[in-house]
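Residue-level structural notes
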Amino acid sequence: MKILGLETSCDETAAAVVIREGGGQGRILSNVVLSQDEEHRPYGGVVPEIAARAHVAHADRIVSAAMEEADLKFADLDGIAVTAGPGLIGGLLVGLTTAKAIAAVHDLPLMAVNHLEAHALTARLTHGLEFPYLLLLVSGGHTQLLSVRGVGDYRRLGTTLDDALGEAFDKTAKLLGLPFPGGPQVERHAALGDGSRFPFPRPLKGSDHAHFSFSGLKTAVARTAETLVPLTDKDIADCCAGFQAAATEAVIDRVGRAMEVFEEEIGQTRPRHLVVAGGVAANQALARALAVLAASRGFDLTVPPAALCTDNGAMVAWAGAERLVLGLTDGLDFAARARWPLDAEAPAAGGAGVKA
Ligand code: KG4
Ligand code: ZN
């Protein structure tokens, strides 16, 4: 089964062709990602209107590049998968309209994919992982803990009550005068800093649920930075190190709590798997801490390669393949969804209206 996948929900214009073999193994034939970082950098964050216009300008070319690299024609495909939500509505509309046009002209099935589901299923493409597993999704737009039980079957164990983790990294970088996207910058400066100089809070550590909160931590860094102006390189490094240490410790505590809930859910099922996805999975301090946590709790840790953790078309194509095998296709009238929770039954987390 050969599937073309399109991703335009945020600031990457991406297309890929993925094969799903009869036995369920995945293989990536092409994976083309155009990042819009340069367009958004002057504004210190993603500007939705600029993102939508850039998708219009580049989507066709990126799709052609992915088809060319895979050495296929549209007629060779078995289906088209496209991110239909959640995300920035302008970008979603561009991707969805492009995918619908290709599907209509070539009479191919369309799979309208949930972006979060695409992240959630990536470990099955890269590692052939079996259900169930515990997923930590940490990106610029989302921070969630999910019990992944099957295609279309998710239980949300935790979500952020305010900022996503990547967003907190980006905002912290911005307030310290570091360029966008800030996550890698904060990590780089943190490596040179003293994480114990500023005792920043560990939000929600020890609480009963498995939710996250990062806006208070970011504000604590902002308050500290204000008292230091003008900031020296050492101040910046120490703030980055302090922020990263606090964020990591908070995440580890929340994942630890979710592991308990997950174990109650799956009972004696072995082995136990923890999967990390999303752009922040590239953070080495977090990855190291998660490895220690997983080992101490008897979980296997799976981290897909960085290029497949950040937004890409291959994860969308793969999610489409998983859906097509189950007969889960969508009509050409499928509408883009700015909000689209994976677990519609999840009780509202206090204050989480925007990100959940
Ligand atoms: O998944 P992604 O590429 O895009 C979405 O947000 O969907 O994630 C991008 C986020 C940004 O907030 C970026 O700053 C963060 O991931 N990020 C990192 C690192 N690399 C990327 N955060 C911390 N440390 C990193 N090394
Ligand atoms: Zn994403």
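Parameters and conventions
- Residues numbered from 1 in each chain as written.
- Chains lettered and ligands numbered in written order.
- Predicted model: local features only at pLDDT ≥ 70, side-chain atom pairs only at ≥ 80, totals over all residues.
- Heavy atoms only, no water.
- Donors = N, O, S within 2.8 Å, 3.2 Å for Na, K, Ca; no water.
- Tetrahedral: all angles 85-135°; square planar, octahedral: opposite > 155°, others 65-115°.
- Core = buried A, V, L, I, M, F, W, Y, C linked by side-chain atoms within 4.5 Å.
- Buried < 20%, exposed > 50% of the residue type's maximum accessible area, 1.4 Å probe, protein only.
- Helix = DSSP H or I, 4+ residues; strand = E, 2+ residues; numbered from the N terminus.
- Contact = heavy atoms within 4.5 Å.
- Near = heavy atom within 4 Å.
- Polar contact = N/O pair within 3.5 Å; in protein donor to acceptor, adjacent residues only side chain to side chain.
- Areas by Shrake-Rupley, 256 points an atom, 1.4 Å probe, with all protein chains shown as cover.
- Nonpolar A, V, L, I, M, F, W, Y, C, P; charged D, E, K, R; others polar.
- Lys, Arg positive; Asp, Glu negative; His and termini not counted.
- Salt bridge = Lys/Arg side-chain N within 4 Å of Asp/Glu carboxyl O.
- Expected span 1.5 Å × (residues − 1).
- Bend = angle between axes of the 7 residues up to and from the residue.
- 1 Å grid on protein atoms, 1.4 Å probe; cavity = no way out; pocket = protein on both sides within 12 Å on 5 of 7 lines; lining within 4 Å.
- Points joined across faces, edges and corners; volume = space filled by probe spheres on them.
- Domains from an automatic or database assignment.
- Buried area = accessible area lost by both parts, 1.4 Å probe.

Another aspect to go through is the coordination of the zinc ion (ligand 2). Summarising the metal site, the zinc ion (ligand 2) is bound by the protein donors His115 (NE2), His119 (NE2) and Asp311 (OD), whose distances to it range over 2.1 Å. Classification of the site at the zinc ion (ligand 2) as irregular follows from its 4 donor atoms and the range of 85 to 146 degrees in their angles at the metal.

Moving on, we come to the nonpolar core. Core analysis: the largest hydrophobic core is formed by 48 residues, its most contacted members being Leu134, Leu136, Leu145, Leu165 and Val255. Contributing elements (two or more residues each) for this core: β6 (133–138), α5 (165–175), α6 (182–190), α7 (215–228), α8 (233–266), β9 (272–277) and α9 (284–297). Take this core: its biggest share by element is 15 residues, from α8. Once you skip the residues sitting within four places of it in the chain, leucine 134 turns out to touch Leu145, Leu146, Leu157, Ala258, Met259, Phe262, His273, Leu274, Val275 and Phe299. If you look at the next biggest cluster of nonpolar residues, it comprises 32 residues, including Ala16, Met111, Leu116 and Ala120.

In the vicinity of ligand 1 there are 16 residues, among which Gly140, Asp170, Glu187, Gly279 and Asp311 approach most closely. Note that an oxygen atom of ligand 1 is positioned 2.9 Å from one of the side-chain N or O atoms of aspartate 311. Here ligand 1, which alone exposes 550 Å², has 88% of that area covered by the protein. Looking at the shell around ligand 1, the elements with two or more residues in it are α5 and α6. In terms of residue class, the shell around ligand 1 is built from 4 nonpolar, 9 polar and 3 charged.

A word on the side chain of lysine 100. Here lysine 100 lies in helix α3 (residues 89–106). Despite its burial, lysine 100 pairs with no opposite charge; the closest candidate is aspartate 333, at 6.7 Å N-O. In terms of polar contacts, lysine 100 uses its side chain to reach the backbone carbonyl oxygen of phenylalanine 334, at 2.7 Å. In contact with lysine 100, other than residues within four places in its own chain, are Leu110, Leu332, Asp333 and Phe334.

A separate point is the side chain of histidine 273. Structurally, the position occupied by histidine 273 is in strand β9. Given a relative accessible area of 13%, histidine 273 falls into the buried group. When residues no more than four places from it in sequence are discounted, the contact partners of histidine 273 are Leu129, Tyr133, Leu134, Phe262, Phe299, Asp300 and Thr302.

Its 13 residues give helix α4 (residues 115–127) an end-to-end C-alpha distance of 19 Å, which sits within 8% of 18 Å, the value for a rise of 1.5 Å per residue. The largest bend along α4 measures about 35 degrees and falls at leucine 121. The buried fraction of α4 is high, at 11 of 13 residues. Taken together, the buried positions of α4 are His115, Leu116, Glu117, Ala118, His119, Ala120, Leu121, Thr122, Ala123, Arg124 and Leu125. After α4 finishes, the residue glycine 128 shows a positive phi value of roughly 60 degrees.

Roughly 150 Å³ of internal volume is contained in the second largest pocket. If you tally residues by element for the lining of the second largest pocket, the top one is strand β8 (residues 153–159), at 3 residues. A breakdown of the residues in the lining of the second largest pocket according to their chemical character gives 6 nonpolar, 2 polar and 3 charged.

Here we take up the domain arrangement of the chain. Here the chain is described as being made up of domain 1 (2–124 + 310–341) and domain 2 (131–306). Put simply, the middle of domain 1 and the middle of domain 2, counted by C-alpha atoms, are 27 Å apart. Taken together, the 22 residues of domain 1 in the interface contact 21 residues of domain 2. Here domain 1 and domain 2 share an interface that buries about 1700 Å² over both sides, 68% of which is from carbon and sulfur atoms. Joining domain 1 to domain 2, the criterion identifies 0 salt bridges. Counting across the domain 1 and domain 2 interface gives 5 residue pairs in polar contact (both at pLDDT 80 or more). No other element matches the 8 residues that α4 contributes to the side of domain 1 that touches domain 2. Looking at the side of domain 1 that touches domain 2, its residues break down into 9 nonpolar, 6 polar and 7 charged.

Take isoleucine 62: it is sitting in helix α2 (residues 48–70). In this structure the C-alpha to C-alpha distance between isoleucine 62 and alanine 15, which are 47 residues apart in sequence, comes to 6.1 Å. Beyond its immediate stretch of four places on either side in the chain, isoleucine 62 contacts Thr13, Ala14, Ala15, Val32 and Leu34.

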